[in-house]
Amino acid sequence: MGKVALVTGGSRGIGAAISKALKEAGYEVAANYAGNDDAARAFTEETGIKTYKWSVADYEACEAGIKQVEEELGPIAVLVNNAGITRDAMFHKMTPQHWKEVIDTNLTGLFNMTHPVWTGMRDRKYGRIVNISSINGQKGQAGQANYSAAKAGDIGFTKALAQEGARAGITVNAICPGYIGTEMVRAIDEKVLNERIIPQIPVGRLGEPEEIARCVVFLASEDAGFITGSTISANGGQFFV
Ligand SMILES: NC(=O)c1ccc[n+]([C@@H]2O[C@H](COP(=O)([O-])OP(=O)(O)OC[C@H]3O[C@@H](n4cnc5c(N)ncnc54)[C@H](OP(=O)(O)O)[C@@H]3O)[C@@H](O)[C@H]2O)c1
């Protein structure tokens, strides 16, 4: 049996592509999700990948969920922190609730998921953690003060933890996708997409979820053992750090 990989938000969008690519690469994959049971059921029927429901915003739920995955599949070697949400509003209209929900899921979720797997990875002297941040955590985005803050925080978390994990054989890296053609992005008005968004992307198209998934498979591999604390920008040339 292959190494175990756990993907948060792994049943839809970019996460689903990551789950499938890791399975194809030989991992035993567990896909976590928050609440969309129909999508999770359809995903399992299509792929044979088991899904597990809990919120990454809830530390105790993460501990319990990780324990269940490890009892059923074995110790987690690869953790992909992909689950994320948006609650967009211009700052003068942003509520404390908008702020809290995004920080709890997109930033604290990384603590909640990584902390319970960390000791086991240290003990086994092996681990791969890949955090899905965003171009908007690198450059900021109007209407997304909450999201940009959380995603920038993910990059700081990655760099700090990479230093702690290095001697224990654990790598920690981040990927910053640009606009990727998931349901969320394809739901944007076609005129806005074609006239305002795509012209800002030098390669002239949206990214595909599979293009992010291939970055994850590489960072998760044993071949990537010398890469840690890094941020891969996968944005079609839209923003250079
Ligand atoms: N799409 C883009 O263009 C883009 C660009 C840059 C960065 N990103 C980042 O890439 C990641 C995936 O984005 P996406 O577009 O694929 O999103 P998506 O299609 O909306 O899927 C989000 C996934 O995350 C899960 N999720 C949400 N909140 C959760 C929670 N509290 N606990 C556990 N799971 C939770 C959802 O579960 P349910 O199915 O149960 O709702 C779903 O599986 C996010 O971190 C996002 O910020 C996306």
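Residues take numbers from 1 onward in each chain, read along the sequence in its written order. Confidence filtering applies because this is a predicted model: local features only for residues at pLDDT of at least 70, side-chain atom pairs given and counted only at 80 or more, and all residues used for totals across whole chains, interfaces and linings. By convention in this description, side-chain values take in all heavy atoms of the structure and omit both hydrogens and water.

If you check an unreviewed UniProt entry, the protein appears there as Acetoacetyl-CoA reductase from Paracoccus litorisediminis. UniProt positions are given in the numbering used here, feature names are shortened, and annotations may be inferred rather than shown by experiment. Of the protein, the UniProt comment under Sequence similarities (unreviewed entry) reads exactly: "Belongs to the short-chain dehydrogenases/reductases (SDR) family."

Runs of H or I in DSSP of at least four residues are treated as helices and runs of E of at least two as strands, each being numbered from the N terminus. Looking only at helices and strands, the protein has 10 helices and 7 strands in total. In this description the radius of gyration comes from C-alpha coordinates, and the expected globular size is given by 2.2 Å times residues to the power 0.38. Taken over C-alpha atoms, the radius of gyration comes to 17 Å for the protein, in line with the 18 Å a tight globule of 241 residues would show. Oriented by its inertia axes, the alpha-carbon framework of the protein measures out at about 50 × 40 × 35 Å. Exposed residues in this analysis have more than 50% of their type's maximum accessible area, buried residues have under 20%, and partly exposed residues fall in between, with area computed by a 1.4 Å probe over protein chains only. Taken over 241 residues, the protein has a buried fraction of 48%.

Let's shift gears to the packing of helix 3 (residues 59-73) against helix 5 (residues 108-124). One way to put it is that helix 3 packs onto helix 5 with a least axis distance of 7 Å and a crossing angle of 45°. Judged by the inter-axis angle, helix 3 sits oblique to helix 5. Both helix 3 and helix 5 take part in a crossing whose hand is right-handed. Where helix 3 approaches helix 5, its residues Tyr59, Cys62, Glu63, Ile66 and Glu70 are matched on the opposing element by Phe111, Asn112, Met113, His115, Pro116, Val117 and Arg124. Grouping the constituent residues of the contact of helix 3 with helix 5 by class yields 7 nonpolar, 2 polar and 3 charged. Fitted lines through C-alpha atoms serve as axes, helices being fitted only where they are in contact, and the angles separating the N-to-C directions of these axes extend from 0 to 180 degrees. The scheme is simple: roughly parallel for angles under 35 degrees, roughly antiparallel for over 145, roughly perpendicular for 65 to 115, oblique for anything else. Crossings are classed by handedness, with left-handed meaning an anticlockwise turn of the near helix from the far one by less than a right angle and right-handed meaning a clockwise turn. Contacts: residue pairs with any heavy atoms within 4.5 Å of one another. Ten residue types, Ala, Val, Leu, Ile, Met, Phe, Trp, Tyr, Cys and Pro, are classed as nonpolar, four, Asp, Glu, Lys and Arg, as charged, and the remainder, Gly among them, as polar.

Once that is clear, we can look at the environment of Phe111. Within the secondary structure, Phe111 is located in helix 5. For Phe111, the residues in contact, after removing those within four places along its chain, are Tyr59, Pro116 and Phe157.

Taking burial as the measure, the 6 residues of strand 2 (residues 28-33) include 5 buried ones, the bulk of the element. Here, any two strands with at least 2 DSSP bridges between them count as paired. Note: strand 1 (residues 4-7) against strand 2, 4 bridges, orientation parallel. Along strand 2, the bridge assignment pairs Leu6 with Ala30. Call a crossover right-handed when, viewed with both strands pointing away from you, the route from the first strand across the helix to the second goes clockwise. Considered for its hand, the β-α-β crossover made up of strand 1, helix 1 (residues 13-24) and strand 2 is right-handed. As defined by bridge partners, strand 2 adjoins strand 3 (residues 50-53) across 4 bridges and the pair is classed as parallel.

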